[in-house]
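# Architecture and fold: a report
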Amino acid sequence: MAFKPANSIQDLQYFGEFGGVNPSISDSSTYTFISAKTMFDTFEGNTDGCYLYSRHSSPSNLYLGEALAAMEGTETANVYASGMGAITSVLLQNCGAGDHVVSSRTIYGGTYAFLKNFAPRFNIKSSFVDITKLEVVEAAITPNTKMIYCECVSNPLLEVADIKGLAQLAKKHNLQLVVDNTFSPLSISPAKLGADVVIHSLTKFINGSSDTVGGVVCGTQDFINELKNVNDGAAMLLGSTMDSMRSASVLKNLRTLHLRMQQHSKNGLYLAEKFEANGLKTVYPGLASHPAHELFKTMMNTQYGFGGMLTIDVGSIAKANALMELMQHKNLGYLAVSLGFYKTLFSAPGSSTSSEIPEDEQKAMGLSDGLIRFSIGLDADIERTYNMMHECLVELKILE
Ligand SMILES: *Cc1c(COP(=O)(O)O)cnc(C)c1O
């Protein structure tokens, strides 16, 4: 039977201690032990079901982690205070001085900045490659390479990584394949396609209400145990721990993710088709014109669609800014970074979320000035939204 990620979330069952339909929120940073011996064993990582200290784990964080692991089909997961907390902890757990990472060149700006500017302090080097070309990825692998790093659907150019192909490469060269699935939750299940570790920024679609930052690492029990090890675990020692109150609220939002993704995808496809028909340069994985449209179809859990992210190129930063300001003025969405909100969000990545990437490199990867990234909202009447956006485009003479 095909893997059904939303069912896996629904099938989990846990109650509060008074029979509440939601698990109780754990409200403690530290936990008592009846015997000193159990405390010692817990420090050593030898006891199941015992809590020690909430930077290590807390009941609320375990519930959320369990639900996200079920969604991704991994053995377990660990939640973090942010997506970057999750990403940096995986990178620093797996790579040390002298190690090398082969990374996609179109990744989240913060991840790019970490690999490019910060990790070299620890003598961890990275090569940034066109992830859509497996032969280019393979050619970048050196004897020191430890990891292939990519996003399923990349930020902001919406390039699609061939997860199965990359997993085969990783296996062949004995590397770990780490995949950031923030842009395509439910639509793509990277672990099922062979990824070793799946990361999300929970801040985006998964939480969906733009009220918190959070992250998760989904992987094997062994790997998550390594991350949480009190002696040398990056999760434990770097300290990017999610607060229990937040993990409880993210868990509640996760339960409607399947409905939200379907609506984001439906609206995304509708607008992408209209924009493309208008003659705008439109990038959306659901369009037949997208170079990886067929590849995406081979990877996707069909019912969740091609996601809520699309880009259009309006030619110049001046036009992009004018359009975004006008759309915001007409209440069609917000000029804001981030994604996965009920309202449409738009930004010009060249001057915002990808500004960490130097201009010449932006050009080389096809990130142009006039590019607008849309995170399409949950609009009930997307036809009306389109008509109003079209009026904006005409008013600014981007369209006739
Ligand atoms: C936002 C984002 C991140 C970083 O997550 P934070 O929660 O902001 O730390 C990482 N990867 C992708 C693809 C993102 O969109």
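Labelled according to an unreviewed UniProt entry, the protein chain appears under the name Cys/Met metabolism PLP-dependent enzyme, originating from Formosa agariphila. Reading the Cofactor (unreviewed entry) entry of the UniProt record for the protein chain gives the comment "pyridoxal 5'-phosphate". In its Sequence similarities (unreviewed entry) section, the UniProt record describing the protein chain reads: "Belongs to the trans-sulfuration enzymes family."

### Concerning the overall build of the protein chain
Of regular secondary structure, the protein chain possesses 15 helices and twelve strands. In terms of C-alpha radius of gyration, the protein chain reaches 21 Å, essentially the compact-globule figure of 21 Å for 400 residues. Across its three principal directions, the C-alpha atoms of the protein chain cover 75 × 55 × 40 Å. Out of the 400 residues in the protein chain, the part that is buried amounts to 55%. Of the contacts formed within the protein chain by residues at least 6 apart in sequence, a portion of 71% connects residues at least 24 apart. Of the roughly 17,400 Å² of accessible surface on the protein chain, a fraction of 52% belongs to carbon and sulfur atoms.

### A few points about a negative patch on the surface
A surface patch of like charges, here negative, comprises Glu75, Asp222, Glu226 and Asp232. Along the chain, Glu75 falls in the loop between α3 (59–72) and β1 (76–80). By relative accessible area, Glu75 is classed as exposed at 57%.

### Details of the domain arrangement of the protein chain
The extent of an interface is frequently quoted as the accessible surface area lost upon association of the parts. By domain assignment, the protein chain separates into domain 1 (5–254) and domain 2 (257–395). Here domain 1 and domain 2 have C-alpha centroids that lie 27 Å from each other. Taken together, the contact pairs 37 residues of domain 1 with 39 residues of domain 2. In total, domain 1 and domain 2 occlude about 3,200 Å² of area from one another, counting both sides; carbon and sulfur atoms represent 66% of this. At the boundary of domain 1 with domain 2, the tally comes to one salt bridge.

Calculation notes
- Residues numbered from 1 in each chain as written.
- Predicted model: local features only at pLDDT ≥ 70, side-chain atom pairs only at ≥ 80, totals over all residues.
- Heavy atoms only, no water.
- UniProt positions renumbered as here; feature names shortened; annotations may be inferred.
- Helix = DSSP H or I, 4+ residues; strand = E, 2+ residues; numbered from the N terminus.
- Rg over C-alpha atoms; globule rule 2.2 N^0.38 Å.
- Buried < 20%, exposed > 50% of the residue type's maximum accessible area, 1.4 Å probe, protein only.
- Contact = heavy atoms within 4.5 Å.
- Areas by Shrake-Rupley, 256 points an atom, 1.4 Å probe, with all protein chains shown as cover.
- Patch = residues over 30% accessible without salt bridge, like charges linked within 9 Å, V, L, I, M, F, W, Y side chains within 5 Å.
- Salt bridge = Lys/Arg side-chain N within 4 Å of Asp/Glu carboxyl O.
- Lys, Arg positive; Asp, Glu negative; His and termini not counted.
- Charge placed at Lys NZ, Arg CZ, Asp CG, Glu CD.
- Domains from an automatic or database assignment.
- Buried area = accessible area lost by both parts, 1.4 Å probe.

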